[in-house]
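# Report on the structure
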Amino acid sequence: ERTQVAVDHLLYGGWYDYQSFISDTSAALHDAPDVAGVSRVLAQYLTGTMRFRAFALLLADPQSRAFTQRGGQGFGDLPTTSRAGALARCLLDLGRPAEHTTVCARLSAEPAAGQQLSAWAQAGAELWAPLVQQGELLGLFVLGKKQADDFVTQGDLDILDTLAQQVAVALRRLHLM
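Residues numbered from 1 in each chain as written. Predicted model: local features only at pLDDT ≥ 70, side-chain atom pairs only at ≥ 80, totals over all residues. Heavy atoms only, no water.

Spatial ordering of the open sheet is given by 3-2-1-6-5-4, a layout of six strands whose pairing is antiparallel. Only two strands of the sheet have a single partner each, and these edge strands are strand 3 (81-82) and strand 4 (98-99). Pairing of strand 5 (residues 127-133) with strand 6 (residues 136-143), which is carried by seven bridges, proceeds in the antiparallel orientation. Across the sheet, Leu131 pairs through a bridge with Gly139, a residue of strand 6. Along the sheet, helix 3 (residues 35-49) contacts strand 1 (55-61), strand 2 (66-73) and strand 6; its crossing angle with strand 1, the most-contacted strand, is approximately 155°. (Pairing = 2+ DSSP bridges. Helix = DSSP H or I, 4+ residues; strand = E, 2+ residues; numbered from the N terminus. Contact = heavy atoms within 4.5 Å. Axes fitted to C-alpha atoms, helices over the stretch in contact; angles between N-to-C directions.)

Pasting the structure below:
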């Protein structure tokens, strides 16, 4: 175990474990005063600790009936995503983080979704994480590649799944306040 820790520290600049990561992010999300605070927490943990190059927080815009970028870093201008479109339905059905290629495969028969996913691919989207609370898709976050072309592991996907649930709870709490 010590050798693995030393190798991880040398090659990856340290490592994070599931329990401490979730505990730390949950506490930080609980203290977030607004959506900008949630975005700052995500920036700290997604780009800092988990070493993703880019992320975008997309939340429902009541006027446009779309998910629009409300936070993030590393991506340029991003397309909006319809709250009632095939992509949103697919992510709600999946209910957990999924790789961009998986989402593309599930929506291959949907031409409009294909165009949208192509635009996201050009922007650098690699992973999608739906923010679901009580069966409702509140938003999502999109992730780019990991730094140094690290691979996304099953452990990363498990952490992202729990993180997405925590973000959804934080957003619902902010909405109620």
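On to the nonpolar core, then. The biggest cluster of nonpolar side chains holds 32 residues, and the ones touching the most others in it are Val38 and Phe141. Elements that contribute at least two residues to this core include exactly helix 2 (18-30), helix 3, strand 1, strand 5, strand 6 and helix 7 (154-176). The leading source of residues in this core is helix 7, at ten residues. Apart from the residues lying within four places of it in its own chain, the contact partners of Val38 are Leu29, Ala32, Leu57, Val167, Ala170, Leu171 and Leu174. If you look at the next biggest cluster of nonpolar residues, it comprises 22 residues, including Phe67, Ala88, Val103 and Leu117. (Core = buried A, V, L, I, M, F, W, Y, C linked by side-chain atoms within 4.5 Å. Buried < 20%, exposed > 50% of the residue type's maximum accessible area, 1.4 Å probe, protein only.)

A few words on the pattern of salt bridges. Enumeration over the complete set of coordinates arrives at four salt bridges. For Glu136, the salt bridge is made with Arg172, and the minimal N-O distance between the two is 2.9 Å. Residue Glu136 is found in strand 6, and its partner Arg172 is found in helix 7; the two are separated by 36 residues along the sequence. For Glu136, a relative accessible area of 38% puts it in the partly exposed group. One salt-bridge network, held together by shared partners, links Arg96, Asp158 and Asp161. (Salt bridge = Lys/Arg side-chain N within 4 Å of Asp/Glu carboxyl O.)

Read these as spatial facts, not as claims about activity.
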